[in-house]
Amino acid sequence: MCGGDKLDREVSGGYVGDLLSDVMANSREGDVWITCQSHQNIVAVSVLKEHAGIILVLGKEPDKDTVEKASREGIPLLVTKLSGFEITGRIYDLINA
Amino acid sequence: MNQEYKFSFPVEGGNFDDTGKISIEIKRLLKGLGIAGDVLRRTAIAIYESEVNIISYAWRGNISIRVTDDSILINIQDSGPGITDIEKAMQQGYSTADDRIREMGFGAGMGLFNIKNCSDSFEILSETSKGTLLKISINR
């Protein structure tokens, strides 16, 4: 959706969650964040946590404001048709291969 | 010589358009002062949760920061309904958030708990129908 120029960032891990406080408390810098939340407030969480990017699951289209904000803040925002379970498994395999 | 930095930001209650905006600004300022690593990480979490609390529950508030050689002192003050039962509010999972707040992934009842977890000292004072004052510090 945006942030394509930042896709060379190294992904050191991942975090799955839809509760913003949980993600704030437990995700780490360099994580890719996998979520079904698509509103603009997710971007600030990723900026503060210095995530490698955000992946929205189940083909969820982000709000226009979310794309604008992510683009401005340089946070790659990706969408997958896969479920949270499936995309997490695939990324986990890639990182730990 | 001891050097001290102070800054303060107003936060508007009820406006969910850009939660975290103030926290991002404060984190950048702190980074500029050479604060990094775990101290910066914990401060960012505490400030973010405080900002979200003001937006979610209060009418308006203020986040003020004082950075000294040894610590980061944060006062979060709001005008709002206050917290009736502080002990309950501190429990993880307890929340008075409405559905609109919860749908966005806020209001999980983790905010105050997270703030306390990230702080080296934590004090909360609240008066019903007036507001809440949260005083925390994080050692550098």
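Residues numbered from 1 in each chain as written. Chains lettered and ligands numbered in written order. Predicted model: local features only at pLDDT ≥ 70, side-chain atom pairs only at ≥ 80, totals over all residues.

A. Layout of the overall build of chain B. A count of helical and extended segments in chain B gives 5 helices and 5 strands. Listed by position from the N terminus, the elements making up chain B come as β-α-α-β-β-α-α-α-β-β. Seen along its three principal axes, the alpha-carbon backbone of chain B occupies a region of about 50 × 30 × 25 Å. The burial tally for chain B puts 39% of its 140 residues in the buried class. Nonlocal contacts in chain B, meaning residues at least 24 apart in sequence, comprise 63% of its contacts between residues at least 6 apart. (Helix = DSSP H or I, 4+ residues; strand = E, 2+ residues; numbered from the N terminus. Buried ≥ 20, exposed ≤ 12 C-beta atoms within 10 Å, placed from the backbone. Contact = placed C-beta atoms within 7 Å.)

B. Examining the environment of B:Ala97 more closely. All names here are of chain B. Among the structural elements, Ala-97 can be located in the loop between helix H3 (86-90) and helix H4 (99-103). Expressed as a C-alpha distance, the spacing of Ala-97 and Ser-129, which sit 32 residues apart in the sequence, is 17 Å. Apart from residues lying up to four places away in sequence, Ala-97 is in contact with Ser-56, Arg-102, Phe-106 and Gly-107.

C. Structural context of the sheet that holds strand E4 (residues 121-127) of chain B. Residue and element names in this part refer to chain B. Read from one edge of the open sheet, 5 strands run E1-E2-E3-E5-E4, paired in antiparallel fashion. Whereas interior strands pair on both sides, the edge strands pair on one side only; in this sheet they are strand E1 (5-12) and E4. Across the sheet, the mean angle from the axis of one strand to that of its neighbour is 10°, orientation sign disregarded. Pairing analysis gives 7 bridges linking E4 to strand E5 (residues 131-139), with the strands arranged antiparallel. Its bridge partner being in E5, Ser-121 is matched across the sheet by Ser-137. Here helix H1 (residues 21-32) sits on the sheet in contact with E1 and strand E2 (60-67), set at roughly 170° to E1. (Pairing = 2+ DSSP bridges. Axes fitted to C-alpha atoms, helices over the stretch in contact; angles between N-to-C directions.)

D. Fine view of the packing of helix H2 (residues 41-49) of chain A against H1(B). Contact geometry of H2(A) with H1(B) gives a least axis separation of 9 Å together with a crossing angle of 15°. Classed by the angle they form, the pair H2(A) and H1(B) counts as roughly parallel. Of the two possible hands of crossing, H2(A) and H1(B) adopt the one that is left-handed. Residues A:Ala44, A:Val47 and A:Leu48 of H2(A) pack against B:Lys21, B:Ser23, B:Ile24 and B:Lys27 of H1(B). Here the residues of the contact of H2(A) with H1(B) are counted per class, giving 4 nonpolar, 1 polar and 2 charged. (Parallel < 35°, antiparallel > 145°, perpendicular 65-115°, else oblique. Left-handed = near helix turned anticlockwise from the far one by under 90°. Nonpolar A, V, L, I, M, F, W, Y, C, P; charged D, E, K, R; others polar.)

E. Inspection of the packing of H2(A) against helix H3 (residues 64-73) of chain A at higher detail. Residues and elements named next belong to chain A. Where H2 contacts H3, the axes come no closer than 8 Å and their chain directions differ by 20°. For the element pair H2 / H3, the angle class is roughly parallel. Relative to H3, the crossing made by H2 is right-handed. Facing Ile-42, Val-43 and Val-47 of H2, the residues of H3 in contact are Thr-66, Lys-69, Ala-70 and Glu-73. When the residues that make up the contact of H2 with H3 are grouped by side-chain class, the tally is 4 nonpolar, 1 polar and 2 charged.

F. Molecular detail of the interface of chain A and chain B. Taken together, the 14 residues of chain A in the interface contact 18 residues of chain B. Broken down by secondary-structure element, the contributors of at least two residues to the side of chain A that touches chain B are helix H1 (20-26) and H2 of chain A. Its residues assigned to classes, the side of chain A that touches chain B comprises 8 nonpolar, 4 polar and 2 charged.

G. How the structure looks around the sheet that holds strand E3 (residues 53-56) of chain A. Residue and element names in this part refer to chain A. Spatial strand order, E1-E2-E3-E4: 4 strands in an open sheet with parallel pairing. Two strands lie at the open edges of the sheet, namely strand E1 (13-16) and strand E4 (77-79), each paired on one side alone. Averaged over all neighbouring strand pairs, the angle between strand axes comes to 25°, with direction disregarded. Sitting on the sheet, helix H4 (residues 84-95) is in contact with E1, strand E2 (31-35) and E3, with an inclination near 165° to E1.

H. How the structure looks around the confidence of the model for chain B. Of all residues in chain B, 99% attain a pLDDT of 70 or more, and the chain-wide mean is 94. In the model output, the complex is listed with pTM 0.93 alongside ipTM 0.90. (pLDDT = per-residue confidence, 0-100.)

I. Just H2(A), in detail. By the criterion of burial, H2(A) is predominantly enclosed, with 9 of the 9 residues buried. Within the span of H2(A), buried status applies to A:Asn41, A:Ile42, A:Val43, A:Ala44, A:Val45, A:Ser46, A:Val47, A:Leu48 and A:Lys49. Where the residues of H2(A) are buried, they touch H1, E2, E3 and H3 of chain A together with H1 and helix H2 (37-57) of chain B. Just beyond H2(A), the residue with positive phi is A:Glu50, at close to 55°.

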